[in-house]
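Each chain, letter by letter, is given below.
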Amino acid sequence: MRRETYYVFHSATAPDLRGITGDPDGASLPAEDGPWTLERQIPPEEPWALDVHQAVVNFGILENGFYLQGPIPRHASSKPVIESDRVEGTAVFDPYGHRIGTIKRLLIEKVSGRVVYVDVTFGGFLGVGVHHHTILWEKLTYDMGLHGYRTDITEEQVRGAPVFYGDDEVWPDRKREQELRDYWHDLPRGPI
C-alpha cells in the first residue's frame, strides 16, 4: 500500500514534542505549540521508522490534520469550535475523574442558537435500563487529559436531578424547565 509523504516537525516551545503531518510547511500544526521546525520527511518509499504505529499517525492526521508525539502541553484545544456529532458520545467525568455518564445530545436554544442543556445517559446495557438526565451545558468543561467533559457535580447529584428528557419524551414546559435550572444552581459546588 502506497502512503503519502510525512513531515516530522519539532516544537521550539516543547523540545520533546514532535508534530507529524502531510503538510510540507506544517501549517496544520497547532500554532500554540510552535514555532515548528522541519526535522525530516519520510517519503512513501522509505521504511516506517518512527516509534509510533503508522495507523495511529494516519488516524491523527485524518481527524486533526496532524499527530502530536511526546509530552503535550496542557492549554486550550487547537480546535476552539467542535461539531455537535463529535460531542455526542463523549464521556462526562465527576470532579474526581470518575466517569458518570455519556453525552447523548445537545439541547440548543432555538432563537439564540446557544447550547443550554446536555442530555447525559448512564447505566443500562444495549439500550435497556438507560437513564437520561439533563444538566446545564455551563456545568461542563472539556478536559484534554480525560478526553471528555469534567463537571463539578457528582453522579449522585446527576441521578437526583429532575428527569426531563429521554429518547421518546418531549421537552417540558417552562415551569419544569425552571425547576431543572433551580436544581442545578442550588447544588453545592464540588472541587475541580
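Residues numbered from 1 in each chain as written. Predicted model: local features only at pLDDT ≥ 70, side-chain atom pairs only at ≥ 80, totals over all residues. Heavy atoms only, no water.

**Structural notes on the environment of I61**
Then comes step 1: Residue position: I61 is located in helix α1 (residues 54-64).
Then comes step 2: What makes I61 buried here is its relative accessible area of 17%.
Then comes step 3: For I61 and D23, which are 38 residues apart along the polypeptide, the C-alpha to C-alpha distance reads 10.0 Å.
Then comes step 4: In this structure I61 touches Y6, I20, T21, G22, F66 and Y67, once residues within four positions along its chain are discounted. (Helix = DSSP H or I, 4+ residues; strand = E, 2+ residues; numbered from the N terminus. Buried < 20%, exposed > 50% of the residue type's maximum accessible area, 1.4 Å probe, protein only. Contact = heavy atoms within 4.5 Å.)

**Quick look at the nonpolar core**
Then comes step 1: One finds V92, I103, V118, I135 and L140 to be the most contacted residues of the largest nonpolar core, which totals 13 residues.
Then comes step 2: Where this core is concerned, the elements lending two or more residues are β6 (99-108) and β7 (115-122).
Then comes step 3: Excluding residues within four positions of it along the chain, V118 makes contact with I103, R105, L106, H133, T134, I135, W137 and L140.
Then comes step 4: Within the second largest apolar cluster, nine residues are counted, among which are Y6, V8, L50 and I61. (Core = buried A, V, L, I, M, F, W, Y, C linked by side-chain atoms within 4.5 Å.)

**A short note on α1**
Then comes step 1: Those residues of α1 that sit buried are Q54, V57, G60 and I61. Viewed end-on, α1 has its buried residues packed into an arc of 125°, placing them on one side of the element. Within α1, the exposed residues directed more than 90 degrees away from the buried face are F59 and L62.
Then comes step 2: For α1, the secondary structure elements touched by its buried residues are β1 (6-11), β2 (18-21) and β4 (67-69).
Then comes step 3: Of the residues one or two after α1, G65 is the one with positive phi, at around 95°. (Arc of directions from axis to C-beta.)

**Focus: the environment of T37**
Then comes step 1: Relative to the helices and strands, T37 resides in strand β3 (residues 36-42).
Then comes step 2: Note: C-alpha distance between T37 and H10 (27 residues apart in sequence) is 5.5 Å.
Then comes step 3: Ignoring any residue separated from it by four or fewer positions in sequence, one finds T37 in contact with V8, F9 and H10.

**Some points on the packing of aromatic side chains**
Then comes step 1: Counted according to the given criterion, the structure contains three aromatic pairs.
Then comes step 2: Aromatic side chains Y6 and W48 sit 5.2 Å apart centroid to centroid with 80° between the ring planes, which places their arrangement in the edge-to-face category. A residue pair is termed long-range when its members are at least 10 positions apart, and Y6 in strand β1 and W48 in the loop between β3 and α1 qualify at 42 residues.
Then comes step 3: On the accessibility criterion, W48 (22% relative accessible area) is partly exposed.
Then comes step 4: Note on W137 and Y149: the rings are 5.6 Å apart at their centroids and 55° apart in plane angle, and the pair reads as tilted. Remark: Y149 occurs in strand β10 (residues 148-151) and W137 occurs in the loop between β8 (131-136) and β9 (140-143); sequence separation between them is 12 residues.
Then comes step 5: In this structure W137 comes out as partly exposed when scored by relative accessible area, which is 25%.
Then comes step 6: Residue class for Y149 comes out buried when judged on its relative accessible area of 7%. (Phe/Tyr/Trp six-rings, centres within 6.5 Å; stacked < 30°, edge-to-face > 60°.)

**Overview of the pairing of β10**
Then comes step 1: Here strand β5 (residues 91-93) runs beside β10; their pairing, made up of two bridges, is parallel. Counted as the bridge partner of V92 is Y149 from β10.
Then comes step 2: Looking at chain direction, β9 and β10 are connected through four bridges and run antiparallel. Bridge pairing links T141 to R150 in β10.
Then comes step 3: Here β9 hands over to β10 after four residues, with H147 in that stretch at a positive phi of 55°. (Pairing = 2+ DSSP bridges.)

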